[in-house]
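Residues per chain, in single letters:
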Amino acid sequence: MLRKLFQVLAPARDRQANAARASNRPAERLIADCQELMSERGEVSGTRIATKVLSGYQALDAASRDCFFDLLIRSFSPDPEEVGKAGDDYRKDPSPLTLAKLQRVVEPPRQELFRRLNIAPGGTRVLVEMRAHLLREGQSSRTPIAADLEHLLTSWFNRGFLVLQRIDWRTPASVLEKLIAYEAVHQIEGWNDLRRRLAADRRCYAFFHPALPDEPIIFVEAALTRGMSDSVQPLLDPEAAVAGLGTADCALFYSITNCQKGLRGVPFGSFLIKQVVEDLGRELPGIRRFATLSPIPGFRAWLDRNKSTLGLGSFLETLANPEWNRNEQTAAELKPHLLHLCARYLLREKNGKEPLDPVARFHLRNGARLERINWLSDTTATGLERSAGLTVNYVYRLSDLERNHELYTRESKISASSEVEALAAKPPRVADLKLA
């Protein structure tokens, strides 16, 4: 019986082994090309080999790519013995010479490999794509590769290399198509919607990089309004009348989208907001207030995770109804509780020393002030699902940005209005809810 079982299992085992060998071969050839690139000193030959490596990487299927990453860890990591010896030498003689040697052996050879790959035409694009693959897979064993790429991309995409451009209806269609594809906060429903978002009472700006001239790196959309809006629906209406600029006194940033997944964590978003604030201030002196109308993407998930400790059983059952906001009585009863819980979430719930909410972290780190929580401000399906229909106004006051940033980064202090502080301070009793 055992013999028959082995006879059944053996072909399956052999097929698996053959598949593994088949996926290994392209990855092993690619690693050999990488090693050749590292030994090559001539610029022309180096560019040729780098181009070959990048083309080979893009041709890999998922299994071969996994094998390539594993071999990259094994073949292009620092030598522990060399690192240890260089460290001992530096402790004995902390001179510039021994420090330079320590720095040289500590740096993973992968970083130099990536620098050489970057000289090939389109090299930067493929390396950004490579990091996107690594982040999407999320395997901890490959974290060192993603970290090496982040280190290099942070240098290559620093503010000095980024070019700010205003996007309008005269921008090439190839770029406009990418805005529609990349928009991550409020989906753009085709060309008519995009045309309205680029009208005279709107502004859209993007950062571009010389290595990716036709690819927006990050873009922000703003509405020029009278007063600070508390609802996103009028801003998303493609049929809304275009307002005159004569009465506008507020630039309201209602969407900011990082277009390149491989550049996640590279900190250029803050530069974009500050640059746009400065440019708009010069173009339109009547604009005195700069604010956001921001989503709260982690709020509903936080409520769900903490429903037991917060006592939110029937409360969350009501929110699970996608049309709960249409019942005026239900909405009125939920309002004080949701506003309190949202203020608590934004001000008190932490990821380390920073707010749990990623959008809050972004704006507060840039020196913004948490000004107002808006009730049923985004009743789109996404807005209700992620943020229970709430949005936040963060205000950028140029005179306060540096002080707020310093207090936040050094002391973890959040700049917030007294209105939001009051909402977080005294909770209504959830037990008093009498939902139909």
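Above: the structure in question.
Worth saying up front: this structure is predicted, and the values here are computed from it rather than measured.

### A short note on the overall build of the protein chain
Part 1 of the reasoning: Regarding its fold elements, the protein chain presents 20 helices and nine strands.
Part 2 of the reasoning: Look at the contacts in the protein chain between residues 6 or more apart in sequence, and 73% of them connect residues 24 or more apart.
Part 3 of the reasoning: Here the protein chain has roughly 22400 Å² of accessible surface; of this, 52% comes from carbon and sulfur atoms.
Part 4 of the reasoning: Charge separation in the protein chain, taken as the distance between the mean sites of 61 positive and 55 negative side-chain charges, equals 3 Å.

### Digging into the pattern of salt bridges
Part 1 of the reasoning: This model, assessed by the stated rule, comprises 32 salt bridges.
Part 2 of the reasoning: Taking the shortest distance from any N to any O, the salt bridge between D89 and K101 comes out at 3.9 Å. Here the residue D89 occupies a position in helix 4 (residues 80-92), and K101 occupies one in helix 5 (residues 96-106), the gap between them amounting to 12 residues.
Part 3 of the reasoning: Among the residues examined, D89 registers a relative accessible area of 23% and is labelled partly exposed.
Part 4 of the reasoning: For K101, a relative accessible area of 32% translates into the label partly exposed.
Part 5 of the reasoning: In this structure, the salt-bridge partner of E215 is K178, at a minimum N-O distance of 3.3 Å.

### Remarks on the packing of helix 6 (residues 109-117) against helix 8 (residues 143-156)
What describes two packed helices is the angle between their axes and the distance between those same axes.
Part 1 of the reasoning: At a closest axis distance of 10 Å, the pairing of helix 6 and helix 8 adopts a crossing angle of 50°. If you check the angle between helix 6 and helix 8, you find them oblique. Seen along the crossing, helix 6 lies across helix 8 with a hand that is right-handed. Touching R110, Q111, F114 and R115 of helix 6 are P144, I145, D148, L149, H151, L152 and W156, all from helix 8.
Part 2 of the reasoning: Here the contact of helix 6 with helix 8 is composed, by residue class, of six nonpolar, two polar and three charged.

### Regarding the nonpolar core
Part 1 of the reasoning: Core analysis: the largest hydrophobic core is formed by 97 residues, its most contacted members being F68, F157, F299, L303, L338 and L346.
Part 2 of the reasoning: Per-element tally for this core: the top contributor is helix 16 (residues 328-348), with 10 residues.
Part 3 of the reasoning: Look past the residues within four positions of F157 in its chain and what remains in contact with it is T124, V128, L162, H209, L212, I217, L263, V266 and F268.
Part 4 of the reasoning: Within the second largest apolar cluster, 12 residues are counted, among which are L179, L194, C204 and A206.

### Topic: the state of the cysteines
Part 1 of the reasoning: Summed over all chains, the structure comprises zero disulfides.
Part 2 of the reasoning: Lacking any disulfide linkage, C34 is separated from the closest cysteine sulfur, that of C67, by 12 Å.
Part 3 of the reasoning: Just so you know, C204 is unpaired, no disulfide at all, and the nearest cysteine sulfur is the one on C259, 9.1 Å from it.
Part 4 of the reasoning: Taking the relative accessible area as the measure of exposure, C204 reaches 2% and is therefore buried.

### What to know about helix 5
Part 1 of the reasoning: For helix 5, the full list of buried residues reads T98, L102 and V105. In an axial view of helix 5, the angular spread of the buried residues amounts to 75°, which keeps them on one side of the axis. Away from its buried face, by an angle of more than 90 degrees, helix 5 presents the exposed residues P96, L97, Q103 and R104.
Part 2 of the reasoning: Structurally, helix 5 contributes buried residues whose contacts are with helix 4.

### Considering the environment of V126
Part 1 of the reasoning: By secondary structure assignment, the location of V126 is in helix 7 (residues 123-137).
Part 2 of the reasoning: Apart from residues no more than four positions distant in its own chain, V126 is found in contact with L54, Y57 and Q58.

### Notes on the packing of helix 16 against helix 20 (residues 418-425)
Part 1 of the reasoning: Two elements in contact, helix 16 and helix 20, have axes separated by 7 Å at closest approach and are oriented at 105°. As the angle between them shows, helix 16 and helix 20 are arranged roughly perpendicular. In contact with L339, H340, A343, R344, L347 and R348 of helix 16, helix 20 contributes V420, E421, L423 and A424.

### Looking at the packing of aromatic side chains
Part 1 of the reasoning: A complete count under the given rule lists eight aromatic pairs for this structure.
Part 2 of the reasoning: Seen in terms of ring centroids, F68 and F69 are 5.9 Å apart; in terms of plane orientation they differ by 50°. Their pairing is tilted. Accessibility classification places F68 together with F69 in one group, the buried group.
Part 3 of the reasoning: In textbook terms, an aromatic cluster arises when at least three aromatic residues are bridged by ring pairs, as seen for Y57, F68 and F69.

### Notes on the side chain of N366
Part 1 of the reasoning: As for its placement among the helices and strands, N366 is situated in the loop between helix 17 (358-365) and strand 8 (369-374).
Part 2 of the reasoning: The buried category is assigned to N366, whose relative accessible area is 6%.

### What to know about unusual backbone geometry
Part 1 of the reasoning: Notably, L376 is not glycine yet its phi reads approximately 45°, a positive angle.
Part 2 of the reasoning: Note on placement: L376 falls in the loop between strand 8 and helix 18 (381-387).

### Here's the deal with the pairing of strand 5 (residues 289-292)
Part 1 of the reasoning: Taken together, the four bridges between strand 4 (residues 250-258) and strand 5 define a ladder with parallel strand orientation. Considered in strand 5, the bridge of C250 is made with R289.
Part 2 of the reasoning: Across two bridges, strand 5 lies against strand 9 (residues 391-396) in antiparallel orientation. Pairing of F290 across the sheet is with Y396, part of strand 9.

What counts, and where the lines are drawn
Every chain is numbered on its own, with residues counted from 1 as its sequence reads. For a predicted model such as this one, the threshold for reporting local features is a pLDDT of at least 70, and the threshold for listing and counting side-chain atom pairs is 80 or more; totals across whole chains, interfaces and linings nevertheless cover every residue. Excluding hydrogens and water, the side-chain figures rest on all heavy atoms present in the structure. In this description a helix means any DSSP run of H or I spanning at least four residues, a strand means any run of E spanning at least two, and both kinds are numbered starting from the N terminus. Only heavy atoms matter for contacts: two residues are in contact if any of them lie within 4.5 Å across the pair. Note that accessible areas follow from Shrake-Rupley with a 1.4 Å probe, and for residues the cover is restricted to the protein chains shown. Within this scheme the basic residues Lys and Arg register as positive and the acidic residues Asp and Glu register as negative, but His and the chain ends are omitted. Here the site of a charge means atom NZ of a Lys, CZ of an Arg, CG of an Asp or CD of a Glu. Basic side-chain nitrogens of Lys or Arg form a salt bridge, by our definition, when they fall within 4 Å of a carboxyl oxygen of Asp or Glu. A simple rule labels every residue: compare its accessible area, found with a 1.4 Å probe on the protein chains alone, to the largest value its type can have, and call it buried under 20%, exposed over 50%, or partly exposed in between. A fitted line through C-alpha atoms serves as each axis, taken over the contacting stretch for helices, and the angle formed by two N-to-C directions is quoted from 0 to 180°. Under this scheme an angle from 65 to 115 degrees is roughly perpendicular, one under 35 degrees roughly parallel, and one over 145 degrees roughly antiparallel; angles in between are oblique. The sense of a crossing depends on the near helix, which, turned anticlockwise from the far helix by less than a right angle, makes the crossing left-handed and, turned clockwise, makes it right-handed. Lys, Arg, Asp and Glu make up the charged group, whereas Ala, Val, Leu, Ile, Met, Phe, Trp, Tyr, Cys and Pro make up the nonpolar group; the residues left over, Gly among them, are polar. In this text, buried Ala, Val, Leu, Ile, Met, Phe, Trp, Tyr and Cys residues form a nonpolar core when linked through side-chain atoms within 4.5 Å. Cysteine sulfurs are considered disulfide-paired once they come within 2.5 Å of each other. Here the arc refers to the set of directions running from the helix axis out to each C-beta atom. Stacked, tilted and edge-to-face are the three classes applied to pairs of Phe, Tyr and Trp rings, where Trp contributes its six-membered ring and a pair requires centres within 6.5 Å; stacked means planes under 30 degrees apart, edge-to-face means over 60, and tilted covers the rest. At least two bridges found by DSSP between two strands are what make those strands a pair.

Honestly, that's just the spatial picture; any functional story needs more than this.
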